[in-house]
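Here is what each chain is made of, one letter per residue.
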Amino acid sequence: MNARYRRLQVALQRARLQAIALNPGPSLTYLTGLHFHLMERPVVAFFTAEGQQAVVLPRLEAPKVAGRDALQPFFYGDDPSQWQAAFREAIAALGLERARIGVEPTRLRVLELRYLEAAAPHAVFPSAEEVLADLRVVKDADELAAMQRAVDIAQRALEAALAGFRAGMTERELAAEVVVQLLRHGSEPDLPFQPIVAAGPNAANPHAVPTERPIQRGDLLIIDWGATWEGYFSDLTRTFAVGEVDEELARIAAVAAQANAAGRAAARAGISAGEVDAAARSVIAAAGYGAYFTHRTGHGLGLDVHERPFIFGGNDEILRPGMTFTVEPGIYLPGRGGARVEDDVVITAEGARSLSDLPRALRRLE
Ligand code: CO
């Protein structure tokens, strides 16, 4: 954790920020290992470029920060009229009354920002989104081990869920089974997202929500699921044939798997994220389905389900060893069905290694 904070200090100085203010979420976990739930009561931690750390939090959370001598706590009680004072004391103790304090616009809520602005009316609060993304984008060995474990849990859980599959069960029933098996196989309860189980025409929607529709013979079935280990996520997708599917549905499933393979094969250090997208997309375009691949090829993965690097056409971010992201091309035929194959890969010195290895060819379920 200290090494991470030292890297943050350098990055803050470079960005001319005197501090960052974080509320509960992946960046706070990354820097401290602390987990707080986002509640109606604000929790805000400060990290200064000079190396001082403080946190404003409800007194009932005191046990969580006990023994962390470097982190100076500013507690408040149940009466909301006291909360502002805790923010003022923290800002004064850190000398941030007139500072540039970086925040995460996609995380920090109006709730916390109002307290910060009132405590430091002469400070400014620019986005530190990129500073933090830069810190987190290359994973170390511990992070990769956690992600591998999240993948292993997810793969075993899916096999267990499929063992209970029968045609005629609803998407929701199968989704529930996937969740149960994820937890039973050791996933932390904060799943990266609710599994997507989408069959038949529902599979033509990349972000489908499981419905009461029974999964029928002749359907393509998309399952998009993931597990959590030490806060790190996996995010996988496989496509299945329920009984016999028609020729074109079998074809799009095969093309999606080929596009996934092409994306993984292209991925390596020194090329751009956009080139990975192009490698996967060109396979689908060549098969005549370019118009039916309606989303980016992938996204970075780690303590967030969607983080840098984003794998979209034209993105010139250069891939580096230790970056982790999904490769998940899909083809969606409105009203008929869809297919997607998603793996989690890490850039290595030699190329890219997939953390996931479940068979990708269309597998038939009965
Ligand atoms: Co994904």
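Residues numbered from 1 in each chain as written. Predicted model: local features only at pLDDT ≥ 70, side-chain atom pairs only at ≥ 80, totals over all residues. Heavy atoms only, no water.

Remarks on the sheet that holds strand S1 (residues 19-22)
Selection rule: DSSP-based pairing: two strands are paired if at least 2 bridges between them are found. The way it works is that DSSP assigns letters per residue, a run of H or I at least four long becomes a helix, a run of E at least two long becomes a strand, and they are numbered from the N terminus. Residue contacts follow a heavy-atom distance rule, with two residues in contact if any of their heavy atoms lie within 4.5 Å. Note on method: axes are straight lines fitted to C-alpha atoms, helices fitted across the in-contact stretch only, with angles between N-to-C directions ranging 0 to 180 degrees.
The strand order across the open sheet formed by five strands is S4-S3-S2-S1-S5, and the pairing between neighbours is mixed. At either margin of the open sheet sits one strand with a lone partner, and together these are strand S4 (71-76) and strand S5 (101-102). As defined by bridge partners, S1 adjoins strand S2 (residues 44-48) across four bridges and the pair is classed as antiparallel. The residue of S2 that forms the bridge with Leu22 is Ala45. Of the strands in this sheet, S1, S2 and strand S3 (53-58) are in contact with helix H1 (residues 2-14), which crosses S2 at around 70°. On the sheet, helix H4 (residues 83-94) packs against S2, S3, S4 and S5 and is oriented at approximately 155° with respect to S4.

Here's the deal with the packing of helix H7 (residues 141-163) against helix H8 (residues 171-184)
Test applied: For classification, angles of less than 35 degrees are called roughly parallel, those exceeding 145 degrees roughly antiparallel, those between 65 and 115 degrees roughly perpendicular, and all remaining angles oblique. For a crossing to be left-handed, the near helix must be turned anticlockwise from the far one by less than a right angle; the clockwise case is right-handed. Think of it as three bins: nonpolar holds Ala, Val, Leu, Ile, Met, Phe, Trp, Tyr, Cys and Pro, charged holds Asp, Glu, Lys and Arg, and polar takes everything else, Gly as well.
Between H7 and H8, the least distance of the axes is 8 Å, while the angle of their chain directions is 135°. Looking at the two axes, H7 sits oblique to H8. Between H7 and H8 lies a crossing whose hand is right-handed. Contacts between H7 and H8 involve Ile153, Ala154, Ala157, Leu158, Ala160 and Ala161 on the former and, on the latter, Leu174, Glu177, Val178, Gln181 and Leu182. Grouping the constituent residues of the contact of H7 with H8 by class yields nine nonpolar, one polar and one charged.

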